[in-house]
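Coordinates in review
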Amino acid sequence: MLDILKTIEQANRCLSILIDPEKMEMDAIHAFAKAVSITIHNLKEKLQIDQFYFFVGGSTMENVNFDKWVNKLKENSNIPIVIFPGSHHQLSENADALLFLNLVSGRNSDFLIEQQVHAANKLKKSNLEVVPTGYLLINGGKETAVQRISQTLPLPQHDMDSIVNHAYAAQLMGNKLVYLEAGSGALKSVSTDIVREVTQQLHIPLIVGGGLRTIQDIRSVYDAGAQMVVVGTAIEENIKWNG
C-alpha cells in the first residue's frame, strides 16, 4: 500500500490532476484515463515530476454516486486516487487516501469542525490513508465555488503576513500538508512570492493549485518551493494539454 504522505514528503515534485465527478460522466472515464496517460508522460519529461496523483472531489456532488465513480476511475488507471472532499459525503474506500481538510482561511465553523466530525464518524473503520491538510483559499480574481459553498472570503494576495500566519497556524495545529488554493478557474494563480515566503516558514510540504495554465506557470511554482502542484481546469478544457 502506497504511503501517500511519505511519498509527497520525499518527492521533489508531485503533480495532481483534479477531477470533479460532477463534470465527468462515468462512461467518459475510460477514454479520459487513457488520454491523460499521454499528458502525464509529457509533463513528467518537461517538469521532472516524481509522482502523479488524481485528486477527486467537488463542491456539491449532486446526483453522483461518488463511490461508484471512484471505483470506475480505479479500474481504469493505476495512478493513486486522493479524495479532495467538498463535504463529509465524499468518501470512498475505493480511493487510496483522503485529504482531511481544515478550511483555516475561513471562520465558518461548518468547515472548521462540523464536516470533520461527521467524517470522523465514518472514518473510524476506514482503510483510507487520512492526511490532515490545512486549506487556505487565496483570492484568484473571481468568486469560486469554494467561496460560495463555504460562505467564506479568500485571503487577499497583497496581505502576505496574514497568509503566512494562517499557513503557519495550520502547521502548529498538526496538519501534515498546507494547501494554497486560488480556486477552480481562477484568473490569477497564487503568486510565487507567496509560495516562496510560505515555504520558508513551513517544515511540511506545500500544495499549490488554481489558475495554473502553462508549463511555465507550474515550473515557477515548483521553483518557488511547492512540492505539489494541482492542475484542473487546463486539463478539463483540453485533455491533451501540454502547456
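Note that the coordinates shown come from a computational prediction; the quantities given were computed from them, not determined experimentally.

One number sums up the size of the largest pocket: a volume of about 760 Å³. Gly-58, Ser-59, Phe-84, Tyr-135 and Val-146 are, among the 43 residues lining the largest pocket, the residues nearest its centre. Looking at the lining of the largest pocket, the element that brings in the most residues is strand β4 (residues 97-103), giving five residues. Here the lining of the largest pocket is built from residues that sort into 20 nonpolar, 17 polar and six charged.

Before going further, it helps to examine the sheet that holds strand β8 (residues 228-231). Taken in spatial order, the eight strands of this closed barrel run β1-β2-β3-β4-β5-β6-β7-β8, and their pairing is parallel. Pairs of neighbouring strands in the sheet enclose a mean axial angle of 30°, with direction left out of account. Examined bridge by bridge, strand β1 (residues 14-19) and strand β2 (residues 51-56) share six bridges and lie parallel to one another. Each bridged residue has a counterpart across the sheet, and for Ile-17 the counterpart in β2 is Phe-54. In the packing of helix α3 (residues 66-76) onto the sheet, the strands contacted are β1, β2 and β3 (81-83), and the crossing angle to β2 comes to about 155°. Against the sheet, helix α7 (residues 192-201) engages β6 (177-181) and β7 (206-209), with an angle of about 165° to β7.

Between helix α2 (residues 29-47) and α3, the shortest axis-to-axis distance is 9 Å and the interhelical angle comes to 45°. Considering the angle they form, α2 stands oblique to α3. Taken as a pair, α2 and α3 cross one another with a handedness that is right-handed. Of α3, the residues touching α2 (which contributes Ile-29, His-30 and Ala-33) are Trp-69, Lys-72, Leu-73 and Asn-76. Its residues assigned to classes, the contact of α2 with α3 shows four nonpolar, two polar and one charged.

Turning to the side chain of Thr-7, a few remarks are in order. Tracing the backbone shows Thr-7 in helix α1 (residues 4-10). Residue class for Thr-7 comes out buried when judged on its relative accessible area of 19%. In this structure, Thr-7 is in contact with Leu-2, Gln-51 and Tyr-53, ignoring residues within four places of it in sequence.

Between its terminal C-alpha atoms helix α6 (residues 160-172) stretches 18 Å, which fits the 18 Å expected from 13 residues at 1.5 Å a residue. Within the sequence span of α6, burial applies to Ser-162, Ile-163, Val-164, His-166, Ala-167, Ala-170 and Gln-171. Contacts made by the buried residues of α6 are with β5 (129-137), β6 and α7. Of the residues trailing α6, Gly-174 is marked for its positive phi of about 100°.

In total, this model carries four salt bridges according to the counting rule given. As a salt-bridge pair, Lys-74 and Asp-96 come within 3.2 Å of each other at their nearest N and O atoms. With Lys-74 in helix α3 and Asp-96 in the loop between β3 and β4, the pair connects residues that are 22 residues apart, well separated along the chain. Given the relative accessible area of 35%, Lys-74 is considered partly exposed. Between Asp-193 and Arg-196 there is a salt bridge, with its nearest N and O atoms 3.3 Å apart.

Quick notes on the rules
What you see as residue numbers is a count from 1 along each chain, following the sequence as written. The model is predicted, so local features are restricted to residues of pLDDT at least 70 and side-chain atom pairs to those at 80 or more, both for listing and for counting; the totals for chains, interfaces and linings are taken over all residues. Values reported for side chains reflect all heavy atoms of the structure, with hydrogen atoms and water molecules removed beforehand. Residues are said to line a cavity or pocket when one of their atoms sits within 4 Å of a point; the points come from a 1 Å grid over protein atoms alone, cavities being sets where a 1.4 Å probe fits but cannot get out and pockets being open sets with protein on both sides within 12 Å along at least five of seven lines. Grid points are joined across faces, edges and corners, and a volume is the space filled by probe spheres set on the points. Strands are runs of DSSP state E lasting at least two residues, helices are runs of H or I lasting at least four, and both sets are numbered from the N terminus onward. When residue character is reported, Ala, Val, Leu, Ile, Met, Phe, Trp, Tyr, Cys and Pro are called nonpolar, Asp, Glu, Lys and Arg charged, and the others, Gly included, polar. Pairing between strands is defined by DSSP: at least two bridges between the two strands are required. Note on method: axes are straight lines fitted to C-alpha atoms, helices fitted across the in-contact stretch only, with angles between N-to-C directions ranging 0 to 180 degrees. In what follows, residue pairs with any heavy atoms lying within 4.5 Å of each other are defined as contacts. Here the word oblique covers every angle except those under 35 degrees (roughly parallel), over 145 (roughly antiparallel) and from 65 to 115 (roughly perpendicular). Left-handed describes a crossing whose near helix is turned anticlockwise from the far helix through less than a right angle; right-handed describes the clockwise counterpart. With a 1.4 Å probe rolled over the protein chains alone, any residue whose accessible area is under 20% of its type maximum counts as buried; one over 50% counts as exposed, and the rest are partly exposed. One fewer than the residue count of a helix, multiplied by 1.5 Å, yields its expected span. Basic side-chain nitrogens of Lys or Arg form a salt bridge, by our definition, when they fall within 4 Å of a carboxyl oxygen of Asp or Glu.

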